[in-house]
Amino acid sequence: SSDLFAALLQVCRPAVDEIVVALDDRVDPARTGAVVELADRVVRIPYEPPPERLLPWLYAQCGGDWILKLDDDEVPSAAFLEGLRAAADPSVTHVWFPRRWLFGGAGTYLDARPWVPDFQLRLSVNDSRLVRFPGVLHVPIEVVGPARYSETPIYHLEVLRPRAERELKVRDYERERPGLRAGGLAFNHAFYLPELSDPPLAQTPAEDRVLVEGVVAVPTPVAGPVPDLPHATRDEIDALWLRRPVDYAADLTVR
């Protein structure tokens, strides 16, 4: 939701130089005032699956030397925010961070495979010569060059949602890319429906629990003036997507 996302931006704002937001145009623009105030640039987009489809276009909107990607259902840990600038180490081209899947509330996270270790490539140099976007569900980005694995986590809020909502997502994801496996189950069932395997839980560190609770407990925003935001077209976004459908017309002459 736009209120939770604004709270996430508030947490991240001191740690970054620029915030670029791709805002689903199904979101009520009258409730996005806080997002617009916190971001350097907000562009409304016509969402189409898979989510990885818009990444090449979104990265092209960023002007910094490094790019950090966060989804609207993720909260960085206190240590992540504190060490982010140091993580942009010129001796590497990209950095992987562990993602912890909160379950049962902000105070506990899933502590078994496939949820740990769940390293995510989230920090990368802003250099189109080194960065590639496969455009495939669950494969957002590939980067050439040396990497580093950080120990500072990101917290994932997805499985805090009601099970019925997650089952709908699993259905859609399985349709988009069927056949993946994880932990002896279909990939998306394994990750998004932990009730199927009854995994053990670990305690969220106190400072991170406070941080997460501060994000998820924000009140619903009051509707305000509708901001005048730029709107990207589907053609603009798909022009950089590797899996876009392409119609070729050519003449062949044999000599």
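Residues numbered from 1 in each chain as written. Predicted model: local features only at pLDDT ≥ 70, side-chain atom pairs only at ≥ 80, totals over all residues. Heavy atoms only, no water.

Asker: Please set out the overall build of the protein residue by residue, giving values where relevant.
Answerer: Looking only at helices and strands, one finds eight helices and 14 strands in the protein. In summary, the protein has a C-alpha radius of gyration of 19 Å against a globular reference of 18 Å for 255 residues, a match within 12%. Overall, the C-alpha framework of the protein stretches about 75 × 50 × 45 Å when taken along its three principal axes. Residues counted as buried form 47% of the 255 residues belonging to the protein. Taking the contacts inside the protein whose residues are at least 6 apart along the sequence as the reference set, 75% of them involve residues at least 24 apart. Put simply, the protein shows about 13,700 Å² of open surface, and 52% of that area lies on carbon and sulfur atoms. Across the protein, the centroid of the 28 positively charged side chains sits 4 Å from that of the 39 negatively charged ones. (Helix = DSSP H or I, 4+ residues; strand = E, 2+ residues; numbered from the N terminus. Rg over C-alpha atoms; globule rule 2.2 N^0.38 Å. Buried < 20%, exposed > 50% of the residue type's maximum accessible area, 1.4 Å probe, protein only. Contact = heavy atoms within 4.5 Å. Areas by Shrake-Rupley, 256 points an atom, 1.4 Å probe, with all protein chains shown as cover. Lys, Arg positive; Asp, Glu negative; His and termini not counted. Charge placed at Lys NZ, Arg CZ, Asp CG, Glu CD.)

Asker: Can you explain the packing of aromatic side chains? Please cite residues and give values.
Answerer: Going through the model one piece at a time under the given rule, you end up with eight aromatic pairs. Taken together, a centroid distance of 5.7 Å and an interplanar angle of 5 degrees make the contact between Trp-96 and Tyr-149 stacked. Taken together, the residues Trp-96 in strand β5 (residues 94-101) and Tyr-149 in strand β10 (residues 147-149) connect sequence positions 53 residues apart. We classify Trp-96 as partly exposed; its relative accessible area is 23%. Residue class for Tyr-149 comes out partly exposed when judged on its relative accessible area of 49%. Following the ring pairs from residue to residue traces out a cluster consisting of Trp-101, Tyr-173, Phe-187, Phe-191 and Tyr-192. (Phe/Tyr/Trp six-rings, centres within 6.5 Å; stacked < 30°, edge-to-face > 60°.)

Asker: Could you give an account of the environment of Ala-22, with specific residues and numbers?
Answerer: When you line up the elements, Ala-22 lands in strand β1 (residues 20-24). Apart from the residues lying within four places of it in its own chain, the contact partners of Ala-22 are Val-43, Ile-45, Leu-54, Trp-57 and Leu-58.

Asker: I'd like a rundown of helix α7 (residues 206-216), residues and numbers included.
Answerer: Within the span of α7, buried status applies to Asp-208, Leu-211, Val-212 and Val-215. For α7, the angular spread of buried residues about the axis comes to 95 degrees, placing them on one side. Across from the buried face of α7, at angles greater than 90 degrees, the exposed residues are Ala-206 and Val-210. (Arc of directions from axis to C-beta.)

Asker: Pulling in residues and values, what's your account of the pattern of salt bridges?
Answerer: Side chains bearing opposite charge may pair, as long as their charged atoms lie close to each other. Counted under the stated rule, the structure contains 21 salt bridges. Here Asp-71 makes a salt bridge to Arg-122, at a shortest N to O gap of 3.9 Å. Taken together, the positions of Asp-71 in the loop between β3 (66-68) and β4 (74-76) and Arg-122 in strand β7 (residues 119-125) put the pair 51 residues apart, joining distant regions of the chain. One salt bridge connects Asp-127 with Arg-129, and the closest N-O pair in it is separated by 2.7 Å. Through salt bridges with shared partners, one network takes in Lys-69, Asp-71, Glu-74, Arg-99, Asp-118 and Arg-122. (Salt bridge = Lys/Arg side-chain N within 4 Å of Asp/Glu carboxyl O.)

Asker: Tell me what's going on with the environment of Arg-234, and back it up with residues and numbers.
Answerer: Checked against the element boundaries, Arg-234 lands in helix α8 (residues 234-238). Note: C-alpha distance between Arg-234 and Arg-177 (57 residues apart in sequence) is 21 Å. Setting aside chain neighbours within four positions, we find Arg-234 in contact with Pro-46, Tyr-47, Glu-48 and Arg-53.

Asker: If you had to explain the side chain of Thr-204 to someone new, which residues and values would you point to?
Answerer: Counting through the fold element by element, Thr-204 comes out in the loop between β14 (201-203) and α7. In terms of polar contacts, Thr-204 uses its side chain to reach the backbone amide nitrogen of Thr-108, at 3.4 Å. Apart from residues lying up to four places away in sequence, Thr-204 is in contact with Leu-102, Ala-106, Gly-107, Thr-108, Tyr-109, Tyr-155 and Arg-209. (Polar contact = N/O pair within 3.5 Å; in protein donor to acceptor, adjacent residues only side chain to side chain.)

Asker: Help me get a handle on the nonpolar core, residues and values and all.
Answerer: Counting residues in hydrophobic clusters, the biggest one holds 37 residues, and the most contacted among them are Leu-9, Val-21, Val-35, Val-42, Leu-81, Phe-97 and Val-212. Contributions of two or more residues to this core are made by α1 (2-12), β1, α2 (33-38), α4 (78-87), β5, β11 (154-156) and α7. Looking at this core element by element, the count peaks at eight residues for α1. Formed by 17 residues, the second largest nonpolar core is a distinct cluster that contains Val-20, Cys-62, Ile-67 and Val-131. (Core = buried A, V, L, I, M, F, W, Y, C linked by side-chain atoms within 4.5 Å.)

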